Amino acid sequence: MQIVRQLDPLRDALAGFRKAGAKIGLVPTMGALHAGHMRLVEVAMEQCDAVVASIFVNPTQFGEGEDLDAYPRQEAADATLLEAAGAELLWAPTADQVYPSGYATSVSVSGIGDGLCGAARPGHFDGVATVVAKLFNQIRPDAAFFGEKDYQQLAVIRRMARDLDFTHQIIGVPTVRDPDGLALSSRNAYLTVEQRADAAALPETMREAAIAIAAGGRVAAILEEAKGRMLASGFHKIDYLELRDANTMAVLDVFIQPARLFAAAHIGRTRLIDNIPVS
Ligand code: AMP
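What comes next concerns the included structure. Once a new chain begins, its residue numbering starts again from 1 and follows that chain's sequence as written. Thresholds applied to this predicted model are a pLDDT of at least 70 for local features of residues and 80 or more for the giving and counting of side-chain atom pairs; totals over whole chains, interfaces and linings are not thresholded and use all residues. Hydrogens and water molecules were not included; the side-chain quantities draw on all heavy atoms of the structure.

1. Details of unusual backbone geometry
With an omega dihedral of -5°, the bond running from Gln 257 to Pro 258 counts as a cis peptide bond. Where helices and strands are cited, they refer to DSSP runs of H or I of at least four residues and of E of at least two residues respectively, numbered from the N terminus. Topologically, Pro 258 is positioned in the loop between strand E7 (237–245) and strand E8 (259–267). Non-glycine residue Asp 165 carries a positive phi angle of around 65°. The residue Asp 165 is located in the loop between helix H7 (151–163) and strand E6 (169–173) in this model. The exposure class assigned to Asp 165 is exposed, which follows from its relative accessible area of 63%. Burial classes follow relative accessibility: with a 1.4 Å probe on protein chains only, a residue under 20% of its type's maximum area counts as buried, one over 50% as exposed, and anything between as partly exposed.

2. Structural notes on the packing of aromatic side chains
Ring geometry is summarised as follows: Phe, Tyr and Trp rings, the Trp one being its six-membered ring, pair when their centres sit within 6.5 Å, and such pairs are stacked at plane angles under 30 degrees, edge-to-face over 60 and tilted between the two. The final tally for this structure, using the stated rule, is 6 aromatic pairs. For the pair Phe 62 and Tyr 71, a centre-to-centre distance of 5.8 Å together with 75° between the ring planes defines the contact as edge-to-face. Each member of the pair, Phe 62 as well as Tyr 71, carries the same accessibility label: buried. Here Phe 136 and Phe 166 contribute two aromatic rings whose centre-to-centre distance is 5.3 Å and whose plane-to-plane angle is 70°, an arrangement assigned as edge-to-face. On the criterion of sequence distance, the pair formed by Phe 136 in helix H6 (residues 124–139) and Phe 166 in the loop between H7 and E6 is long-range, its members being 30 residues apart. Here Phe 136 falls in the buried class, since its relative accessible area comes to 1%. Members of the aromatic cluster, connected to one another through ring pairs, are Phe 56, Tyr 99 and Tyr 103. In this structure, Arg 269 is placed above the aromatic ring of Tyr 190, and the distance from its NZ or CZ to the ring centre is 4.8 Å. For a ring to carry a charge above it, either NZ of a lysine or CZ of an arginine must fall within 6 Å of the ring centroid while also lying within 35 degrees of the normal to the ring plane.

3. Examining the site of the ligand
For this description, a residue counts as near a given molecule or strand if any of its non-hydrogen atoms is within 4 Å of it. What surrounds the ligand is a group of 17 residues, the closest being His 37, Gly 147, Asp 150, Val 176 and Leu 184. We define a polar contact as two N or O atoms separated by no more than 3.5 Å, with the added condition that, inside protein, one atom must be a possible hydrogen donor and the other a possible acceptor, whereas residues neighbouring each other in sequence contribute only through side-chain atom pairs. In the environment of the ligand, an oxygen atom lies 2.6 Å from a nitrogen or oxygen atom belonging to the side chain of Asp 150. One of the backbone nitrogen or oxygen atoms of Leu 184 is found 2.9 Å away from a nitrogen atom of the ligand. Counting residues per element, the shell around the ligand draws most heavily on helix H2 (residues 35–47), which supplies 3 residues. Polarity classes work like this: nonpolar for Ala, Val, Leu, Ile, Met, Phe, Trp, Tyr, Cys and Pro, charged for Asp, Glu, Lys and Arg, and polar for all others, with Gly in that last group. Of the residues in the shell around the ligand, the class split is 8 nonpolar, 7 polar and 2 charged.

4. Re H6
Helix length check: H6, at 16 residues, gives a terminal C-alpha distance of 22 Å against a target of 22 Å (1.5 Å per residue), a fit within 8%. Within two residues after H6, Arg 140 carries a phi angle of roughly 45°, on the positive side. A helix's residues, less one, multiplied by 1.5 Å, set its expected span.

5. Some remarks on the nonpolar core
Take the buried residues of types Ala, Val, Leu, Ile, Met, Phe, Trp, Tyr and Cys, join any two whose side-chain atoms come within 4.5 Å, and each joined set is a nonpolar core. Within the largest apolar cluster, 47 residues are counted, with the highest numbers of intra-cluster contacts made by Val 52, Trp 91, Phe 136 and Met 160. Counting 27 residues, the second-largest nonpolar core is a separate cluster that includes Ile 238, Leu 241, Leu 243 and Ala 263.

6. As for helix H3 (residues 75–85)
Among all positions of H3, only Asp 78, Ala 79 and Leu 82 are buried. Within H3, the buried residues cover an arc of 100° as seen down the axis, which keeps them to one side. Projecting away from the buried face of H3 at angles above 90 degrees are the exposed residues Ala 76, Thr 80 and Ala 84. For H3, the secondary structure elements touched by its buried residues are strand E1 (2–4), H2, strand E3 (50–55) and strand E4 (89–91). Two residues or fewer past H3, Gly 86 is found with a positive phi of approximately 105°. It is the directions from the helix axis to the C-beta atoms that the arc portrays. Here, residues are in contact when the closest pair of their heavy atoms is within 4.5 Å.

Laid out in structure tokens, this is it:
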């Protein structure tokens with residue numbers, strides 16, 4: 001696997017893949033890879049001939065006081081995992097290859113990016129849309145792979161791709177979870193042993209709420225009760241717990257299909273997010 005940090009050698013390598021007629025799959029990440037990321041690589045390997053993974057801890061998607069400096073960085077271990085999985089190239093750009101001196105452009109997706117994490121983390125999805133648009137232009141993949149773990153992010157990227165005429169495939173991959181249901185996340189590394197045990201209350205409470213909603217219960221009451229249970233289980237702040245249309249991301253006060261439950265909650269110094277279908 002080649003590890004590339006500059007745009008010129010990246011373009012040379014990609015030209016080689018294209019000359020060989022390879023279908024190029026892109027898996028964008030911020031590193032600290034776990035089995036969730038590796039599932040994206042696996043799906044990309046199944047569907048493409050040459051898999052390019054990127055690792056870039058994108059400063060523009062972190063807000064003030066967020067964990068940019070503390071974000072786990074372990075590129076050597078990540079590279080070993082990617083190579084073993086069969087990736088052809090790791091694009092690990094230096095910051096100036098993504099944001100050259102004088103950089104002044106931002107991509108903003110209104111509507112879909114406004115609520116949920118967009119409301120809790122102002123500017124976050126502008127940073128995501130901007131860096132993903134840049135990665136799409138830098139790599140020009142035939143398909144790009146994103147986790148449903150970050151479902152709103154996936155919806156923002158789909159909207160951006162339609163709006164800005166990126167015509168390659170955007171593939172969503174179901175969330176990979178630990179046996180107790182907690183979605184794998186690089187941020188789980190911040191949890192103490194006790195917090196990690198308590199964190200399972202997030203998916204568990206969401207699953208119970210989803211079942212109650214699908215059974216016809218009153219949505220607002222079910223969500224209020226679920227929030228109470230999360231707060232009693234070690235979470236100290238809930239950014240949101242909402243039922244939304246899985247396609248449009250519009251808020252749902254009553255259950256209609258296709259619906260999804262979205263949550264973000266804080267435990268210790270860690271903010272966890274999750275989402276599940278309600279059906
Ligand atoms: P990140 O490194 O957190 O930016 O994530 C990179 C990609 O991996 C994103 O498309 C995420 O949605 C995806 N991802 C992260 N965690 C999981 C998971 N538990 N299951 C599936 N995909 C995931």
